[in-house]
Amino acid sequence: MGRAREGKDAMTEISVKTKLWGLIAIMLLLIISVGTVGFVTLDRGAAALKELVYQDGALQNLTSRLHLHIIQLRRFEKDYFLNIGDPEKQQEYLKKYQQIDAAMPQILSNLAVLARGDVHLTQDLQAKAAALAGLYADYREGFYDTVRRLQAEPNLTPQQANALMAKFKADIPVLEADMAALAAAVDRMEEYVSTRAVK
């Protein structure tokens with residue numbers, strides 16, 4: 001009977017050891033699983049933040065710069081027309097206009113490239129971003145045509161200069177609306193990506 005009891009105790013002891021090792025193995029698997037899920041979640045969050053910084057942030061920066069430049073160009077256009085009769089002042093505003101105008105092709109090109117490559121933007125918004133350069137080119141050419149006309153006919157009034165620009169200014173509200181739609185979409189993307197990265 002003593003031997004039977006010893007055998008039973010040994011079996012119980014092996015059972016307890018086996019159960020304990022099994023429990024340790026299960027705990028290790030759970031810890032590894034939780035760690036893997038945490039790592040994958042952090043990796044996704046990091047990828048979302050990287051996307052936000054490199055793509056959406058750059059797109060937001062360009063739309064803001066473009067908006068600011070359009071406002072400045074319109075201001076210098078008006079100042080140029082208001083200073084008819086003062087060639088020095090006109091030249092000053094024309095130079096300011098030309099400085100900003102020189103940066104516009106690169107900004108518009110970069111904006112179109114970023115928008116085209118952004119999977120979050122609809123095709124309609126990508127097309128609007130691509131069309132901004134054409135809208136700007138029409139306005140730009142209209143301004144320079146009006147400047148040439150004013151130089152050829154110095155007796156024109158600011159009102160007449162504005163009237164000459166009217167057909168070219170028609171593109172500006174479209175350009176501004178498309179720019180605003182693009183900026184709003186980028187804002188929504190940034191909000192979505194930042195909330196997704198925090199989850």
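Residues numbered from 1 in each chain as written. Predicted model: local features only at pLDDT ≥ 70, side-chain atom pairs only at ≥ 80, totals over all residues. Heavy atoms only, no water.

Visitor: Help me out: how do you make sense of the packing of helix 3 (residues 123-152) against helix 4 (residues 158-169) in this one?
Guide: Any two packed helices are characterised by the angle at which their axes cross and by the distance between the axes. As a packed pair, helix 3 and helix 4 sit with axes 9 Å apart at the nearest point and diverge in direction by 155°. Here helix 3 is positioned roughly antiparallel relative to helix 4, judged by the angle of their axes. For helix 3 against helix 4, the interelement crossing comes out right-handed. Between helix 3 and helix 4, the residues in contact are Asp138, Tyr139, Gly142, Phe143, Asp145, Thr146, Arg149 and Leu150 and Ala161, Leu164, Met165 and Phe168, respectively. For the contact of helix 3 with helix 4, the per-class residue count stands at seven nonpolar, two polar and three charged. (Axes fitted to C-alpha atoms, helices over the stretch in contact; angles between N-to-C directions. Helix = DSSP H or I, 4+ residues; strand = E, 2+ residues; numbered from the N terminus. Parallel < 35°, antiparallel > 145°, perpendicular 65-115°, else oblique. Left-handed = near helix turned anticlockwise from the far one by under 90°. Contact = heavy atoms within 4.5 Å. Nonpolar A, V, L, I, M, F, W, Y, C, P; charged D, E, K, R; others polar.)

Visitor: Sorry if this is basic, but what is going on with helix 4 here?
Guide: Spacing of three or four residues puts side chains on the same side of an α-helix, whose turn is 3.6 residues. Buried within helix 4 are the following residues: Ala161, Met165, Phe168 and Lys169. Viewed along the axis of helix 4, the buried residues span an arc of 80°, placing them on a single side of the element. Opposite the buried face of helix 4, at more than 90 degrees from it, the exposed residues are Gln159, Ala163 and Lys167. (Buried < 20%, exposed > 50% of the residue type's maximum accessible area, 1.4 Å probe, protein only. Arc of directions from axis to C-beta.)

Visitor: How do you make sense of the packing of aromatic side chains when you look at a structure like this?
Guide: Aromatic ring pairs are defined here through the distance separating the ring centres and the angle between the ring planes. Counted under the stated rule, the structure contains nine aromatic pairs. The interplanar angle of 70° and the centroid separation of 6.2 Å between the aromatic rings of Tyr80 and Phe81 together place this pair among those described as edge-to-face. Since its relative accessible area comes to 3%, Tyr80 is described here as buried. Residue Phe81 is classed as buried on the basis of its relative accessible area of 1%. Both rings, one in Tyr97 and one in Tyr144, keep their centres 5.7 Å apart while their planes meet at 85°; by these two values the pair is edge-to-face. (Phe/Tyr/Trp six-rings, centres within 6.5 Å; stacked < 30°, edge-to-face > 60°.)

Visitor: Would you take a moment to explain the environment of Leu108 for this structure?
Guide: By the element assignment, Leu108 lies in helix 2 (residues 87-117). Sequence-wise, Leu108 and Ala129 are 21 residues apart; in three dimensions their C-alpha atoms are separated by 8.1 Å. Not counting residues within four places of it along the chain, the set of residues in contact with Leu108 comprises Leu66, Leu132, Ala133 and Tyr136.

Visitor: Looking at this structure, I do not really get helix 3. What am I missing?
Guide: A rise of 1.5 Å per residue sets the reference length of helix 3, with its 30 residues, at 44 Å; its end C-alpha atoms lie 44 Å apart and thus fit the reference within 8%. Approximately 35° is the largest bend angle found in helix 3, and it occurs at Ala131. (Expected span 1.5 Å × (residues − 1). Bend = angle between axes of the 7 residues up to and from the residue.)

Visitor: Mind showing me how you'd approach the nonpolar core here?
Guide: Considering soluble globular proteins, one finds that nonpolar side chains tend to be buried as a cluster. One finds Leu66, Tyr80, Tyr97, Leu121, Tyr136 and Phe143 to be the most contacted residues of the largest nonpolar core, which totals 39 residues. Secondary-structure elements contributing two or more residues to this core are helix 1 (2-82), helix 2, helix 3, helix 4 and helix 5 (171-198). Here this core gets ten residues from one element, more than from any other, and that element is helix 3. The residues touching Tyr97, leaving out its near neighbours within four places in the chain, are Leu73, Phe76, Glu77, Tyr136, Tyr139, Arg140, Phe143 and Tyr144. (Core = buried A, V, L, I, M, F, W, Y, C linked by side-chain atoms within 4.5 Å.)

Visitor: Just to check I follow, could you spell out a nonpolar patch on the surface for this structure?
Guide: Among the surface-exposed residues, Leu20, Trp21, Leu23, Ile24, Ile26, Met27, Leu28, Leu30, Ile31 and Ile32 lie close enough to one another that they form a single nonpolar patch of about 1,100 Å² accessible area. Following the sequence through the fold, Ile24 ends up in helix 1. (Patch = residues over 30% accessible without salt bridge, like charges linked within 9 Å, V, L, I, M, F, W, Y side chains within 5 Å. Areas by Shrake-Rupley, 256 points an atom, 1.4 Å probe, with all protein chains shown as cover. Salt bridge = Lys/Arg side-chain N within 4 Å of Asp/Glu carboxyl O.)

Visitor: I keep staring at the confidence of the model for the protein chain and nothing clicks. Help me out?
Guide: Caution applies to low-pLDDT parts of the model: their predicted coordinates are not meant to be read in detail. Of all residues in the protein chain, 81% attain a pLDDT of 70 or more, and the chain-wide mean is 83. Summarising per-element confidence for the protein chain, the mean pLDDT is lowest in helix 1 (75) and highest in helix 2 (95). (pLDDT = per-residue confidence, 0-100.)

Visitor: What's the story with the side chain of Asn83 in this structure? I'm lost.
Guide: Positionally, Asn83 belongs in the loop between helix 1 and helix 2. A polar atom in the side chain of Asn83 sits 2.8 Å from the backbone oxygen of Asp79. (Polar contact = N/O pair within 3.5 Å; in protein donor to acceptor, adjacent residues only side chain to side chain.)

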